Amino acid sequence: QAQLVESGGGLVQPGGSLRLSCSASRSFYSISTMAWYRQAPGKQRELVATMAPGDITDYADSVKGRFTISRDNAKRTVYLQMDSLNSEDQAVYYCNVVAKVRHFDSARVYWGQGTQVTVSS
């Protein structure tokens, strides 16, 4: 079954760091863009960072200089290194990939189940 498994969320103090991971199952035939989104209570889901093929990255203005997205294609894993965390970063973080399950399929978007990041002293 094509699925994404996230890990690495948790409780961190303001100014601290966390590293999120998202691994894609072997059921995916190919993976294109990998990204992280987040959703805070009462707010819309927002894009945090993306990494397209060729390691082209893009970040939300609110996380530039603090967050770093990376990927290991051999492990089918995307990471989000989050530094200098503050209360505004508290949210459920979702992994997102554009991928195909079979060669002749059209690419579509898949979502992980989400992992909670809590920033509190």
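Residues numbered from 1 in each chain as written. Predicted model: local features only at pLDDT ≥ 70, side-chain atom pairs only at ≥ 80, totals over all residues. Heavy atoms only, no water.

*Asks:* Explain the overall build of the chain residue by residue, including any values.
*Replies:* Check the secondary structure of the chain and you find zero helices and eleven strands. Whereas a compact globule of 121 residues would reach a radius of gyration of roughly 14 Å, the chain reaches 14 Å, a difference of no more than 12%. Based on the C-alpha atoms only, the size of the chain along its principal axes is roughly 50 × 25 × 25 Å. Within the chain, the fraction of its 121 residues that count as buried is 40%. Contacts spanning at least 24 positions in sequence make up 56% of the contacts within the chain whose residues lie at least 6 apart. On the chain, roughly 6600 Å² of surface is accessible, and the fraction owed to carbon and sulfur atoms is 47%. Of the charged side chains in the chain, 13 are positive and 10 negative; the average position of the first set lies 8 Å away from that of the second. (Helix = DSSP H or I, 4+ residues; strand = E, 2+ residues; numbered from the N terminus. Rg over C-alpha atoms; globule rule 2.2 N^0.38 Å. Buried < 20%, exposed > 50% of the residue type's maximum accessible area, 1.4 Å probe, protein only. Contact = heavy atoms within 4.5 Å. Areas by Shrake-Rupley, 256 points an atom, 1.4 Å probe, with all protein chains shown as cover. Lys, Arg positive; Asp, Glu negative; His and termini not counted. Charge placed at Lys NZ, Arg CZ, Asp CG, Glu CD.)

*Asks:* How would you summarise the pattern of salt bridges if you had to cite specific residues and measurements?
*Replies:* Pairs may arise between side chains of opposite charge once their charged atoms sit close together. All told, the structure shown has five salt bridges when counted by the stated rule. In this structure, the salt-bridge partner of Asp 89 is Arg 38, at a minimum N-O distance of 3.0 Å. Taken as a pair, Asp 89 in the loop between β8 (77–82) and β9 (91–100) and Arg 38 in strand β4 (residues 30–39) lie far apart in primary sequence, 51 residues in all. For the pair shown, Asp 89 and Arg 38 are each scored as buried. For the salt bridge of Asp 89 with Arg 66, the shortest nitrogen-to-oxygen distance reads 2.7 Å. (Salt bridge = Lys/Arg side-chain N within 4 Å of Asp/Glu carboxyl O.)

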